[in-house]
Structures are given as C-alpha cells and as structure tokens.
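Observations on chain architecture
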Amino acid sequence: MAFILASLAALAPLGAAAQSGYPNKPIRVIVPFAAGSTTDIIARAIADKMSQSMGQQLVIDNRGGASGTIGQAAVAQAAPDGYTVMVHSSSHTVSPHTFAKLPFDTEKDFAGVTPISSTPNVLVVSPAKNFKALGELLAAARAKPGSMNFASAGQGSATHLNAEKFKLAAKIDAQNIPFKGSAEAVTEVAAGRVDYYFSPIAPVIGQIRSGQLVPLAVGSPKRAAALPNVPTTAEAGVPGSEFNFWIGMMVPARTPRDIVNRLQEEVVKALATPEVKERFTALGADAWTLKPEQFDAYIRDEIKSNAALVKAAGLEVQK
C-alpha cells in the first residue's frame, strides 16, 4: 500500500506538469449548427480573442444537422483532453426529450465550461405578410386554425421550443418547418414561404434594418437593447411566452478540471475585450458567464424544465 501511495504521489506532479503546457496545439471548436447561425457567429466572435490569449488557434468546425445532435455526438466521443470543445445553444437541454435515442448522455457525457451569451429571440415576418403588430398575426392564426407555419433551426432546437412555448401561451395552432440552421430559415421567411420565425437577433438584424424583415416582438423577459422599440411577447399580449436563448461552451466529460477552469477564464477574458463587447452589442447579445459547476447545475435544471415544456407542447419524439 505504501508503495502504491508513493507511486501515485510521484505521478501527480507529472500529470500537472503535462497539463501546465496546455494548449500546445490548435483547439477544435465544434459548433453543431451551420455557418452563419447565431451560435456560429458567437463562437467566432470569442475564438479570435481566445486564440490570441492562449497562443494557439481555435478552429471552428461546423457540424450542423439533426437539431445539433450530430455535433454533440462528435464532442461526446472526443478525447477529454481540452483540444475539442463545443459551443452550443439552449438546444443542448432540449434534445434529451425530443429524440428517443441519442448516441450520448446529455448530462453525463459533457462538462459545462460557462455560458457565453443570452440572446433574445425576435419574431420576424416578411413585409409581404402585411402584419404590423403581433396582434394581427395572432388574429390571422386564429381565423384559420392550423393554416399558419413557422420556421425553426431544427426539430427540438431552442428556436423551435421558443415558438412552441409561444403557441401554448397564445393558444394558436401553427406547424413547425425545421431547417438545418438559421440562415436557411431566415431565407424562407424573408421570401414569404414560411409565415414567421423566432430568430436570434444576430442573423436577422441586417434584414430588419434594411426592411426585408419585420420584427413583431421579442421572446425574452425584457426588451432587447438592439431593438428597443420592439415589445416583448408579454407586452404584446402573450404573457407566459418568455424563453431564455443562451449559447455556452462545453467539453467532453472527464476533461481535467484545471483545463475546464482555464477555458472558463479565457472566455471571461475574451468577453471583456472592447472588440467582443462591440460585436455583441451589434448582435443584440448580452454577455453571460458562470463558473463551470454553476453552469452544470443550470443545465441540469433546464433539462428538467424543458421536459415539462416538450410534454405540454405534445412534441413528437424522433426515433
């Protein structure tokens, strides 16, 4: 026993020394959505600053599809060495309830690093729809129940859940049209082929300013700084429809705690830079961070609350 304890004591400094050189090669950042999505934009906004600070390139790897689960699987199966990280959205806590089988365990196969941002979703429509206020969209939906549809960045994604929570609160019937990411969803809504979309602000702020899309309400508890004249859904007459859309960083479970803490510190440093602050303001995103253990607890709680929302919405579980 004494020999074993002595051996372990001798190995501990070696492990710490090996990790102290982290990172010594590029870090892969898996984003489970297409390029141009809000999650992708936020990931790229902090990756440049983290690369400068850490002395190694953070390389974005877009793995879109299946509501983010393809990218999640790649991260869950990666070596827990700090060289594969994931920047994902609230969809992370939805997929356990919308897929019958997943090649990973959402709670056990990932470790939270920190949230990065909280970004309000905005309900947008094409000008061709002639809706000037949220009440007009609701009146149209109620006049012909089941005739209206909405876009989402995939079945079971955070944008989908936001729309479902809104449907329940507003007592309307509308059909989900899932896409691989926000870019495709925005294109179809702007063209008028899909009625509306609860989009993160980042992919649509340009089209809103140019008049290609009309914002009717934001799904957050308070108005968005980037769209101060746009009411919340509660202010527009649909209380109980608020939804927190967040984006955060995670790593494979069993990633050494000192590496997890280092990544959290680097995200906090990146968010504090003037360039990232300016970028977030333009995107309508609010910086938000937690300690790793706090983020893990938040994720566990949200998985439970989303189970109730999925059940109330009667969402079909994908086989």
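The model shown is predicted, which means the values in this text are computed figures rather than measured ones. (Residues numbered from 1 in each chain as written. Predicted model: local features only at pLDDT ≥ 70, side-chain atom pairs only at ≥ 80, totals over all residues. Heavy atoms only, no water.)

1. Considerations on unusual backbone geometry
For the bond running from Tyr22 to Pro23, omega is -5°, close enough to zero to count as cis. Structurally, Pro23 can be placed in the loop between helix 1 (2–20) and strand 1 (27–31). Of note, Ala66 is a non-glycine position whose phi angle comes to about 55°, a positive value. With respect to the helices and strands, Ala66 occurs in the loop between strand 2 (58–62) and helix 3 (69–76). Look at Lys171: it is not a glycine, yet its phi comes out positive at around 60°. Position of Lys171 among the secondary structure elements: in the loop between helix 6 (158–170) and strand 7 (174–178). The class of Lys171 is exposed, set by a relative accessible area of 70%. (Helix = DSSP H or I, 4+ residues; strand = E, 2+ residues; numbered from the N terminus. Buried < 20%, exposed > 50% of the residue type's maximum accessible area, 1.4 Å probe, protein only.)

2. Considering the nonpolar core
Ile46, Met50, Ile116, Met249, Leu263 and Phe280 are the most contacted members of the largest nonpolar core, which totals 43 residues. Counting residues per element, this core draws most heavily on helix 2 (residues 38–54), which supplies eight residues. When neighbours within four sequence positions are excluded, Phe280 is seen to be in contact with Ile42, Ala45, Ile46, Ile116, Ser117, Leu271, Ala285, Asp286 and Ala287. Counting residues in hydrophobic clusters, the runner-up holds 20 residues, among them Ala153, Leu213, Val218 and Leu227. (Core = buried A, V, L, I, M, F, W, Y, C linked by side-chain atoms within 4.5 Å. Contact = heavy atoms within 4.5 Å.)

It is worth stressing that arrangement in space is one thing and function is another; only the former is reported here.
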